[in-house]
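Single-letter residue listing:
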Amino acid sequence: MDFSIVPFHEKWLDQMARLFTDGYQDSGYEWDEKTAKGYLQCYSWPKYAKYCFAAVDKKGTCLGAIFCRVDPWYKGNFLFIDQLQVEPEYRKKGIAKALMQEAFKTAKKDGCIGTHLLVDSTNFTLKVYKSLGYKASGWIEMDMRWDGSPEVP
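The notes below deal with the structure included here.

How each quantity is defined
- Residues numbered from 1 in each chain as written.
- Predicted model: local features only at pLDDT ≥ 70, side-chain atom pairs only at ≥ 80, totals over all residues.
- Heavy atoms only, no water.
- Buried < 20%, exposed > 50% of the residue type's maximum accessible area, 1.4 Å probe, protein only.
- Helix = DSSP H or I, 4+ residues; strand = E, 2+ residues; numbered from the N terminus.
- Pairing = 2+ DSSP bridges.
- Salt bridge = Lys/Arg side-chain N within 4 Å of Asp/Glu carboxyl O.

Attention now moves to the pairing of strand 3 (residues 62-73). Extensive coverage of strand 3 is indicated by the burial of 10 of its 12 residues. Taken together, the 4 bridges between strand 2 (residues 53-56) and strand 3 define a ladder with antiparallel strand orientation. Counterpart to Val-56 in the pairing with strand 3 is Cys-62. Linking two consecutive strands that pair antiparallel, namely strand 2 and strand 3, is a turn of 5 residues; a positive phi of about 90° is found at Gly-60 within it. In the sheet, strand 3 pairs with strand 4 (residues 76-86) via 10 bridges, with the strands oriented antiparallel. Paired with Pro-72 across the two strands is Asn-77, which belongs to strand 4. Hairpin connection from strand 3 to strand 4: 2 residues lie between these consecutive antiparallel strands.

Set out below in C-alpha cells:
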C-alpha cells in the first residue's frame, strides 16, 4: 500500500467525523456526524493541528487520520491520542501505525515523555493498542446521566 503521512487538512474533517460516528455505533454510543465534527474541533483540530495527521494516497484521497493533543501530566507532557480512524477498506495495511509514529515523532521533538489514550473495553482496537505496547492504567472512566436514563453498555 502506497501512502504518505501529511498534516491534517480541514477538507477531510467531514469524512473523519463520519468514520468517528461509524466507529462508535457498535458500542452503544449515539454520536452523529455534527457532534463528532464538533468534538474533533473542540479537543484536537485545529488547536493542536501540529499533532493531527492524515494518510493520503497518490491522488490525495484521505485514507485515515489521527487527532492528538498534548496533556500536561504529573510526570511530564504526554501525547493524548484522541481519535484514530482508518477507512475500513484500508485497515490492516500499516496506516494506523504510520499515523501514530508520525504523531509520536512530533511529540518527542516537543519534549513529550509518553502517550496515553482511552479505549472502550469492547472495541476491537483494544487488541491493537495492547499489541503496540499500551497497558491498562488502572483508571476507570465513569459517566452519569442527569436524566436518570441507563448508561451506555
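The discussion continues.
It is worth spelling out the pattern of salt bridges at this point. Inspection of every chain in the model, using the stated rule, returns 8 salt bridges. Arg-18 is the partner of Asp-22 in a salt bridge, and the nearest nitrogen-oxygen pair spans 3.6 Å. With a gap of 4 residues between them, Asp-22 and Arg-18 both fall in helix 1 (residues 13-24), about one helical turn apart. Lys-50 is the partner of Asp-110 in a salt bridge, and the nearest nitrogen-oxygen pair spans 2.9 Å.

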